[in-house]
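Residues per chain, in single letters:
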Amino acid sequence: MGLSEEQIQRYSRHILLPGVGGVGQERLLASSVLIFFSEDEESAALMALAYLAAAGVGRIGWCPLHESDGLKQESPLCAFYGGSLGNGLKRLNPDSRLVSIRPGEGAEEVFDALVWLGDASAEDFESSKSMGKFVIRGGSLGEAGEISEGPGILEKPGMAPQGGTASTVAAQGALGAWLAARTLRHLVNETDTVGSTTQARFDFSHGLIEAHANLS
């Protein structure tokens with residue numbers, strides 16, 4: 001489709017990156033990503049959203065897996081978005097369009113990537129995983145987090161999903177950033193993952209950062 005002069009200026013640093021270039025940036029602008037997230041992973045979802053939009057992903061679906069009328073005021077990123085996701089994204093990048101989706105709706109739509117954050121029933125995931133050509137999942141607990149690709153089961157690190165303490169701001173930020181980085185690499189390179197594999201995990205309380213794939 002080609003980049004406009006304004007877009008060349010906006011994404012000049014991206015275009016200079018050896019792994020992106022003009023062609024990669026065009027792919028990002030033509031791509032779509034759907035973000036599903038549970039209530040306790042909202043900050044990680046907001047972080048992933050910011051990175052995906054700033055990179056130039058053209059269409060981003062936003063689907064809370066809980067009843068939500070807006071951003072939680074205690075979210076560290078609430079001020080960044082100005083309390084409104086749509087307006088916040090327009091200021092961040094006018095090329096990126098936000099689409100609100102409720103669980104169970106839009107099942108006929110297919111996005112280039114599906115980012116799934118946090119807990120959900122097997123039924124929820126089974127009914128939604130076909131909405132993404134590429135599936136990546138993440139969860140955090142306390143100071144720890146884990147990222148997996150593919151449709152397999154992902155539990156929060158260290159214990160069953162229903163137990164434990166809330167994730168820290170640092171863990172949520174790292175999780176959201178890593179999910180976005182891996183998703184962007186997939187969109188630019190158009191790679192596929194077969195099966196379900198652990199791609200990264202961390203535990204800041206023990207100084208552990210372990211990656212099995214290039215997440216940047």
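A.B. asks: Explanation requested: the pairing of strand β5 (residues 135–141) in the structure shown.
C.D. replies: For a regular strand, side chains alternate in direction, first toward one face of the sheet and then toward the other. Of all seven residues in β5, seven are buried; the element is thus mostly enclosed. Of the two faces of β5, the one lined by Val135, Arg137, Gly139 and Leu141 and the one lined by Ile136, Gly138 and Ser140 are each fully buried. Judged from the four bridges that link them, strand β4 (residues 113–117) and β5 form a sheet pairing that is parallel. In the sheet register, Trp116 faces β5, and the bridge partner there is Arg137. When β5 meets strand β6 (residues 144–149), the two strands line up antiparallel, connected through six bridges. What sits directly across from Ile136, in β6, is Glu149. Counting the residues between successive antiparallel strands, the hairpin from β5 to β6 contains two residues, one of them, Gly142, with a positive phi of roughly 60°.

A.B. asks: I tried to follow the packing of helix α4 (residues 42–55) against helix α8 (residues 169–189) on my own but got confused; where do I start?
C.D. replies: Axes are the key here: two packed helices are described by the angle between their axes and the distance separating the axes. Closest axis-to-axis distance for the α4/α8 pair is 7 Å, and the angle between their directions is 35°. The crossing of α4 and α8 is right-handed. Along the contact surface, α4 presents Glu42, Ser43, Ala44, Met47, Ala48, Tyr51, Leu52 and Ala55, while α8 presents Gln172, Gly173, Leu175, Gly176, Ala177, Ala180, Thr183 and Leu184. In terms of residue class, the contact of α4 with α8 is made up of ten nonpolar, five polar and one charged.

A.B. asks: In this structure, what is going on with α8? I would like to understand it.
C.D. replies: Given 3.6 residues per helical turn, the α-helix brings residues three or four places apart onto the same face. Taking 1.5 Å per residue, 21 residues should reach 30 Å; α8 reaches 30 Å between its end C-alpha atoms and fits that length. Counted residue by residue, α8 has 16 buried out of 21 residues, so it is predominantly covered. Downstream of α8 by one or two residues, Glu190 has phi in the positive range, about 55°.

A.B. asks: Looking at this structure, I do not really get the pattern of salt bridges. What am I missing?
C.D. replies: Pairing of side chains with opposite charge becomes possible as their charged atoms draw close. Summed over all chains, the structure comprises six salt bridges. Measuring nitrogen to oxygen at the nearest pair gives 2.3 Å for the salt bridge that ties Arg182 to Glu149. Of this pair, Arg182 sits in helix α8 while Glu149 sits in strand β6, placing them 33 residues apart in sequence.

Cut-offs applied
- Along each chain, residues carry numbers from 1 onward, in the same order as the chain's sequence is written.
- The model is predicted, so local features are restricted to residues of pLDDT at least 70 and side-chain atom pairs to those at 80 or more, both for listing and for counting; the totals for chains, interfaces and linings are taken over all residues.
- Side-chain measures were taken over the full set of non-hydrogen atoms in the model, leaving aside hydrogen atoms and water.
- Per-residue accessibility, obtained with a 1.4 Å probe over protein chains only, is compared with the maximum for each type, and a residue is labelled buried under 20%, exposed over 50%, and partly exposed between these values.
- In this description a helix means any DSSP run of H or I spanning at least four residues, a strand means any run of E spanning at least two, and both kinds are numbered starting from the N terminus.
- Should DSSP find at least two bridges between two strands, the strands are regarded as paired.
- Only C-alpha atoms enter the line fits that serve as axes; for helices the fit covers just the stretch in contact. Angles between N-to-C directions range over 0 to 180 degrees.
- Note on convention: near helix rotated counterclockwise from far helix by under a right angle means a left-handed crossing. Clockwise means right-handed.
- We call two residues in contact when some of their heavy atoms are within 4.5 Å.
- Throughout, the ten residues Ala, Val, Leu, Ile, Met, Phe, Trp, Tyr, Cys and Pro are labelled nonpolar, Asp, Glu, Lys and Arg are labelled charged, and all others, Gly among them, are labelled polar.
- How far a helix is expected to stretch is found by multiplying one less than its residue total by 1.5 Å.
- Salt bridge, as used here, is a side-chain nitrogen of Lys or Arg placed within 4 Å of a carboxyl oxygen of Asp or Glu.

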